[in-house]
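Chain by chain, the residues run as shown.
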Amino acid sequence: MLQIPILENHPLAPLTTWKIGGPAAHLAAPQDLEEVFGLMRLAYDRGWPLFFLGRGSNILIADAGLPGLTLHLAKSLQKIERQGETLRVGAGVALPRLARQAAVLGFSGFEFLAGIPGTVGAAVRLNAGAEGGNLAGVLRRVWVATPQLQMLEFTVQELALGYRSSLLLNFPHWLVVEAEFALQTPAPPPVIEARMRQLLAARKARFPANPRSCGSVFRNPPGGSAAGALIDQAGFKGRRAGEAQVSRKHANFILNQGHATAAQVKALITEIQENIWRTRGVALEREVVFLPDDLGG
Ligand SMILES: Cc1cc2nc3c(=O)[nH]c(=O)nc-3n(C[C@H](O)[C@H](O)[C@H](O)COP(=O)(O)OP(=O)(O)OC[C@H]3O[C@@H](n4cnc5c(N)ncnc54)[C@H](O)[C@@H]3O)c2cc1C
């Protein structure tokens, strides 16, 4: 018997950085792998669709909310364990915590994670990156739970990490449960910490002050200009749909300026995509995930 509390009709907006979206029909926060599997089995038995939510920093939840069961992982799977020259890290660990831990241990290469407000599991899924670094530089392998309750192990080569992409994007029903990182570049902790402070200051100067966003909405298209530059050149800075607004500081950010709805954010995203396609012939691809829309059947 599962002993985990399952909350019904629970608001999800506060669990996301955009603060947008309706409630979860059922929400649970598994503490360990056994509870993860128990909840996955429950969803399967009841025919509930299953959703994963980390720190909600790359997600737009529909105004109607999510049916089925949502697993909230931001406080689950929190282990960080050194094993020789590697770190085994639970999928729910926050990226800034991982960066700090590597610094304390005296290993460089993780500094770029200090400003990314997500979890390890979601970051692996799309090879999160910043300031010229990405997970491919430090990741060794990951463990994934499938809806059939199998555990799969992938090396970093098998994950085929690319720019904001990995094999895992093809399997949205797979849950990343753990990752192994390489501790390969020793450096004095004060040097690493100074580098992190420098990167954080650079981000602060570039990004909007309003924290209610999902970071970059679109991936940068291959080759030419960055998505933000294309959107800026098309005159979208400051454009609103209700209380959703394209940032005046960084055009690849859409801000919730009050009580924006998912419908308003989607309207802005569609307007931008149509405009950039028509005027520049570039198909801007979303980085942010729409739930439940992007999960299909
Ligand atoms: C201000 C700001 C700045 C940002 N800057 C950057 C940046 O510099 N670089 C960058 O790459 N990203 C950036 N992001 C985006 C975001 O932080 C990353 O994409 C992060 O990896 C998302 O983690 P999360 O836990 O919040 O995921 P969520 O938003 O909760 O989920 C995102 C997707 O991952 C899925 N998911 C969540 N956990 C798991 C899991 N364990 N296994 C499988 N799937 C899972 C969800 O179902 C969803 O589809 C930024 C966001 C914000 C708000």
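Because the structure is predicted, anything quoted here is derived from the model rather than measured.

A.B. asks: I'd like to hear about the sheet that holds strand β1 (residues 7-11), residue by residue, with values.
C.D. replies: What the four strands build is an open sheet, ordered β1-β2-β5-β3; its pairing is mixed. Edge positions in the sheet fall to β1 and β3 (50-53), since each of these pairs with one other strand and no more. The mean inter-strand angle of the sheet, taken between neighbouring strand axes irrespective of direction, is 45°. Here β3 runs beside strand β5 (residues 66-72); their pairing, made up of four bridges, is parallel. Across the sheet, the residue bridging to F51 is T70, located in β5.

A.B. asks: Which residues make up the site of the ligand, and what are the values?
C.D. replies: Surrounding the ligand, one finds 31 residues, the nearest of these being F52, G54, S57, T119 and G129. One of the backbone nitrogen or oxygen atoms of G54 is found 2.7 Å away from an oxygen atom of the ligand. Within the side chain of R203, a nitrogen or oxygen atom sits 2.9 Å from an oxygen atom of the ligand. With the chains in place, 93% of the 970 Å² that the ligand exposes on its own is no longer accessible. Breaking the shell around the ligand down by element, the ones donating at least two residues are β3, α3 (120-126), β9 (129-130) and β13 (175-182). No other element matches α3, which puts four residues into the shell around the ligand. By residue class, the composition of the shell around the ligand is 16 nonpolar, 11 polar and four charged.

A.B. asks: Outline the pattern of salt bridges, supporting the account with residue identities and numerical values.
C.D. replies: Taken as a whole, this structure holds 13 salt bridges when the rule is applied. Residue R141 pairs with E180 through a salt bridge whose shortest N-O separation is 3.2 Å. Of this pair, R141 sits in strand β11 (residues 139-145) while E180 sits in strand β13; the two residues are 39 residues apart in sequence, bridging distant segments of the chain. For R141, a relative accessible area of 24% gives the class partly exposed. Assessed through its relative accessible area of 9%, E180 is described here as buried. The closest approach of N and O atoms between D293 and K266, which form a salt bridge, is 2.9 Å. Taken together, the residues span a long stretch of sequence, with D293 in the segment after β18 (289-291) and K266 in helix α7 (residues 262-280) at a distance of 27 residues. Bridged by salt links that share partners, the residues K79, R88 and E178 form one connected network.

A.B. asks: Can you tell me about the sheet that holds strand β16 (residues 244-246), naming the residues and giving the values?
C.D. replies: Read across the sheet, three strands follow the order β15-β16-β17 without closing on themselves; strand pairing throughout is antiparallel. For this open sheet the edge positions go to β15 (240-241) and β17 (254-256), each flanked by a neighbour on one side alone. With three bridges connecting them, β16 and β17 associate as antiparallel partners. Bridge assignment links A244 to a residue of β17, and that residue is N256.

A.B. asks: Any details on the packing of aromatic side chains? Residues and values, ideally.
C.D. replies: By the definition in use, this model includes four aromatic pairs. Considering the side-chain rings of F171 and W174, the 4.0 Å spacing of their centres and the 10° angle between planes classify their relative orientation as stacked. Taking relative accessible area as the criterion, W174 reaches 19% and is therefore assigned buried. Between F207 and F253, the aromatic rings sit 4.9 Å apart at their centres with planes inclined by 40°, giving tilted as the arrangement. Of this pair, F207 sits in the loop between α5 (189-206) and α6 (227-233) while F253 sits in the loop between β16 and β17, and the two are 46 residues apart along the sequence. There is no split in this pair, since F207 and F253 are both buried. Put simply, the rings of F154, F171 and W174 pair up and form one aromatic cluster. We note R88 situated over the ring of W143; from NZ or CZ to the ring centre the distance is 3.9 Å.

Reading the values: rules and limits
Residues numbered from 1 in each chain as written. Predicted model: local features only at pLDDT ≥ 70, side-chain atom pairs only at ≥ 80, totals over all residues. Heavy atoms only, no water. Pairing = 2+ DSSP bridges. Helix = DSSP H or I, 4+ residues; strand = E, 2+ residues; numbered from the N terminus. Axes fitted to C-alpha atoms, helices over the stretch in contact; angles between N-to-C directions. Near = heavy atom within 4 Å. Polar contact = N/O pair within 3.5 Å; in protein donor to acceptor, adjacent residues only side chain to side chain. Areas by Shrake-Rupley, 256 points an atom, 1.4 Å probe, with all protein chains shown as cover. Nonpolar A, V, L, I, M, F, W, Y, C, P; charged D, E, K, R; others polar. Salt bridge = Lys/Arg side-chain N within 4 Å of Asp/Glu carboxyl O. Buried < 20%, exposed > 50% of the residue type's maximum accessible area, 1.4 Å probe, protein only. Phe/Tyr/Trp six-rings, centres within 6.5 Å; stacked < 30°, edge-to-face > 60°. Lys NZ or Arg CZ within 6 Å of the ring centre and 35° of its normal.

Any link to function would need more than the numbers given here.
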